[in-house]
Amino acid sequence: MSASVFDHPWLGGLFGDPEMAEIWSAERQMSHMLAFEAAWSRALGACGRVDAALAEAAAEAIASARIDLADIRAGMAQDGVPVPRLVKQLQVIVGPEAASALHKGATSQDVVDSALVLTLKDSTALLARRVAELEAALIELDARQGETPLMGRTRMQAATEITVSDRLRPWHQPLAAHLERLAEIAPRVERVQVGGASGDRKALGEDAQAVTDHVAAELGLASTGGTWHAKRDSVAEYAGLLSLITGTLGKIGQDICLMAQQGLDEIKLSGGGGSSAMPHKQNPVGAELLVTLARFNAVQLSGMHQALIHEQERSGAAWALEWMILPQMAQATARALATAQALVASIERIGTPD
């Protein structure tokens with residue numbers, strides 16, 4: 001049994017998104033943490049802080065390491081972070097001689113946050129592709145059925161006659177803005193985290209910026225002039241964008257639910273959900289799901305804003321709150337986009353019935 005609807009044995013059939021789940025999987029997260037540690041060893045060698053040959057040997061061993069996740073879980077319960085136990089495993093894997101090139105001058109938050117932004121980078125690529133596909137599908141629907149008459153409604157009361165195009169424009173026009181937002185936010189989010197023990201990079205001395213630049217380049221992230229351990233505005237901004245996207249999709253879902261009401265019949269959908277008690281019904285399950293996911297993300301966003309409050313140089317409490325919330329928001333957004341695509345593809349007719 002799972003506490004999360006996204007990977008629950010049967011609730012996951014409604015809420016789960018396998019592609020986004022893989023991006024946020026434990027295995028993918030661990031691969032990102034190992035990528036950071038390998039890049040860190042190479043950076044120490046490149047900057048002359050350790051022997052370059054030993055650094056490369058350590059990096060190669062790290063890159064091919066097989067990690068005992070059960071041991072990481074046990075360490076997490078003790079330390080509150082996965083990295084201390086990870087480093088212990090890697091010390092054995094790289095051997096005593098190359099261990100001098102392992103994790104020296106880094107801290108747990110550098111590893112975990114850099115892995116996070118690599119995950120967000122992959123998430124952005126998936127979301128941008130789906131937003132673009134949905135926008136194209138809605139524009140194509142508009143081209144086919146946009147001139148059909150439709151009763152305009154304000155405050156859910158009949159107003160004046162409009163066209164289907166008038167209803168569809170608020171569905172697809174925000175998607176172009178969301179694509180722009182996804183592109184604009186990337187430089188603020190996809191940044192390496194290097195701060196060291198107290199966020200001052202003191203252990204790296206005069207090589208601090210050079211090491212940071214090397215690690216960033218190897219990971220395909222932007223470099224930074226300082227740590228963002230306790231400055232989480234970019235992470236909260238990303239969560240806000242997820243909520244904006246699902247909010248747009250929730251509006252689509254709400255409109256379709258209302259248009260599908262018996263007696264209005266302003267939209268005809270193929271498929272739909274059945275009822276165990278009323279076999280004549282065809283429930284707009286996909287449209288309802290868009291509303292649910294939009295409201296879910298709107299609620300979670302308040303938690304991400306609570307996670308902005310970090311005490312002093314680093315926080316355990318606020319940081320851990322992100323781990324609980326952000327992966328579920330990403331899954332909700334991906335699932336909403338997939339659902340919206342399927343829903344638009346199922347529209348057979350839209351507009352005032354003859």
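Everything below is about the structure printed above this text.
Residues numbered from 1 in each chain as written. Predicted model: local features only at pLDDT ≥ 70, side-chain atom pairs only at ≥ 80, totals over all residues. Heavy atoms only, no water.

(A) Local environment of the pairing of strand β2 (residues 157-163). The element β2 is largely exposed, with a buried count of zero among its seven residues. Pairing of strand β1 (residues 149-154) with β2 involves five bridges; the strand directions are antiparallel. Paired with P149 across the strands is T163, a residue of β2. Hairpin geometry of β1 and β2 is characterised by an intervening segment of two residues between the two adjacent antiparallel strands and by a positive phi of about 55° at R155. (Buried < 20%, exposed > 50% of the residue type's maximum accessible area, 1.4 Å probe, protein only. Helix = DSSP H or I, 4+ residues; strand = E, 2+ residues; numbered from the N terminus. Pairing = 2+ DSSP bridges.)

(B) Layout of the pattern of salt bridges. Under the counting rule described, the total for this entry stands at 19 salt bridges. One salt bridge in this structure joins R85 and D71, with 2.8 Å as the shortest N-O distance. Highlighted residues: R85 in helix α6 (residues 83-98) and D71 in helix α5 (residues 69-79), separated in sequence by 14 residues. Residue class for R85 comes out buried when judged on its relative accessible area of 16%. A salt bridge links R232 to D113; the shortest N-O distance between them is 2.8 Å. Within this pair, whereas R232 is found in the loop between α9 (208-219) and α10 (233-259), its partner D113 is found in helix α7 (residues 108-145), the two being separated by 119 residues in sequence. (Salt bridge = Lys/Arg side-chain N within 4 Å of Asp/Glu carboxyl O.)

(C) Inspection of the side chain of S108 at higher detail. Residue position: S108 is located in helix α7. Excluding its chain neighbours within four sequence positions, the residues that come into contact with S108 are V81, V83, P84, H103 and W319. (Contact = heavy atoms within 4.5 Å.)

(D) Broad picture of α9. Taking 1.5 Å as the rise per residue, α9 with twelve residues should run 16 Å; its terminal C-alpha atoms sit 17 Å apart, in good agreement. Every buried residue belonging to α9 is among A208, V211, T212, V215, A216 and L219, and all of these are buried. Buried residues along α9 cover an arc of 130° about the axis, so they all sit on one side. The inward-facing, buried residues of α9 contact α3 (26-46) and α7. Where α9 terminates, the next one or two residues include G220, which has phi positive at roughly 75°. (Expected span 1.5 Å × (residues − 1). Arc of directions from axis to C-beta.)

(E) Summary view of the packing of helix α8 (residues 164-189) against α10. Interhelical geometry of α8 versus α10 gives an angle of 170° and a closest axis separation of 10 Å. The angle between α8 and α10 places the two elements in the roughly antiparallel class. Classified by chirality, the crossing of α10 by α8 is left-handed. Looking at side-chain class alone, the contact of α8 with α10 contains 15 nonpolar, three polar and six charged residues. (Axes fitted to C-alpha atoms, helices over the stretch in contact; angles between N-to-C directions. Parallel < 35°, antiparallel > 145°, perpendicular 65-115°, else oblique. Left-handed = near helix turned anticlockwise from the far one by under 90°. Nonpolar A, V, L, I, M, F, W, Y, C, P; charged D, E, K, R; others polar.)

(F) Quick peek at helix α4 (residues 52-63). The terminal C-alpha atoms of α4 lie 16 Å apart, and with twelve residues this matches the ideal 16 Å at 1.5 Å per residue to within 8%. Turning to α4, its buried residues are A55, A58, A59, A61 and I62. Each buried residue of α4 lies within a common arc of 165° when the element is viewed along its axis, so the set occupies one face. The outward face of α4, more than 90 degrees from its buried face, is lined by the exposed residues A53 and A63. On its buried face, α4 is in contact with α3 and α6. Of the residues flanking the start of α4, the one acting as N-cap is D51, its side-chain oxygen 3.0 Å from the backbone nitrogen of A53. (Polar contact = N/O pair within 3.5 Å; in protein donor to acceptor, adjacent residues only side chain to side chain.)

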